[in-house]
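Chain residues, written in single-letter form:
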Amino acid sequence: GTAKTSLLSMLLRNMDPDTNVHFNINFNSFTGAESLQPMLEQPLEKKTGSSFGPPGTKKLIYFIDDFNMPAPDKYGTQSAIELARQQVDYGG
């Protein structure tokens with residue numbers, strides 16, 4: 001390819017670790033919402049009540065590689081992409 005993954009990985013590694021944390025997620029044709037949810041929750045810690053967030057006061061950056069890989073289901077939707085879109089829509 002054109003080294004997109006390598007370039008972004010290098011940029012993420014060079015970010016200030018005191019203020020940012022990144023988490024890599026690799027999609028494949030079998031990735032669905034039911035498998036993406038635990039991946040999104042993995043780097044989070046419980047804050048107060050039912051709130052979760054990145055460790056300390058850091059900002060969390062998810063890097064999703066091969067974003068268009070999940071195969072559509074019988075209804076033509078890609079549930080993993082829809083879950084990621086929902087997170088963005090709600091400010092996550």
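To keep things clear, this report deals only with the structure shown in the data block. (Residues numbered from 1 in each chain as written. Predicted model: local features only at pLDDT ≥ 70, side-chain atom pairs only at ≥ 80, totals over all residues. Heavy atoms only, no water.)

1. Considering the overall build of the protein chain
When helices and strands are counted, the protein chain shows three helices and four strands. Mapped from its N terminus to its C terminus, the protein chain presents α and β elements in the order α-β-α-β-β-β-α. Projected onto its principal axes, the C-alpha coordinates of the protein chain cover approximately 45 × 40 × 20 Å. Buried positions account for 22% of the 92 residues belonging to the protein chain. The contacts of the protein chain with a sequence gap of at least 6 include a subset with a gap of at least 24, amounting to 57%. (Helix = DSSP H or I, 4+ residues; strand = E, 2+ residues; numbered from the N terminus. Buried < 20%, exposed > 50% of the residue type's maximum accessible area, 1.4 Å probe, protein only. Contact = heavy atoms within 4.5 Å.)

2. Some details on a nonpolar patch on the surface
Residues Leu 7, Leu 8, Met 10 and Leu 11 make up a contiguous nonpolar surface patch of roughly 350 Å² in combined accessible area. Examined against the element boundaries, Leu 7 turns out to sit in helix 1 (residues 4–13). (Patch = residues over 30% accessible without salt bridge, like charges linked within 9 Å, V, L, I, M, F, W, Y side chains within 5 Å. Areas by Shrake-Rupley, 256 points an atom, 1.4 Å probe, with all protein chains shown as cover. Salt bridge = Lys/Arg side-chain N within 4 Å of Asp/Glu carboxyl O.)

3. A closer look at the pattern of salt bridges
Going through the model one piece at a time under the given rule, you end up with three salt bridges. In this structure, the salt-bridge partner of Glu 45 is Lys 47, at a minimum N-O distance of 3.4 Å. For Glu 45, a relative accessible area of 32% puts it in the partly exposed group. Assessed through its relative accessible area of 35%, Lys 47 is described here as partly exposed. The residue Asp 89 makes a salt bridge to Arg 85 at a minimum N-O spacing of 2.3 Å. Taken as a pair, Asp 89 and Arg 85 lie in helix 3 (residues 79–89) at a separation of four residues, close to a single helical turn. You can call Arg 85 partly exposed: its relative accessible area is 42%. Within the structure, one salt-bridge network assembled from shared partners comprises Glu 82, Arg 85 and Asp 89.

4. Brief notes about the packing of aromatic side chains
In the structure shown here, the tally under the stated rule is two aromatic pairs. A centroid spacing of 6.4 Å and a plane angle of 85° characterise the contact between Phe 23 and Tyr 62, whose relative ring orientation is edge-to-face. One end of the pair, Phe 23, is in strand 1 (residues 20–26); the other, Tyr 62, is in strand 4 (residues 59–65), and 39 residues separate them in sequence. In this structure Phe 23 comes out as buried when scored by relative accessible area, which is 18%. The class of Tyr 62 is partly exposed, set by a relative accessible area of 29%. Between the aromatic rings of Phe 27 and Phe 67, the centroid separation amounts to 5.7 Å while the plane-to-plane angle is 15°, which identifies the pairing as stacked. Residue Phe 27 is found in the loop between strand 1 and helix 2 (33–41), and its partner Phe 67 is found in the loop between strand 4 and helix 3; the two are separated by 40 residues along the sequence. (Phe/Tyr/Trp six-rings, centres within 6.5 Å; stacked < 30°, edge-to-face > 60°.)

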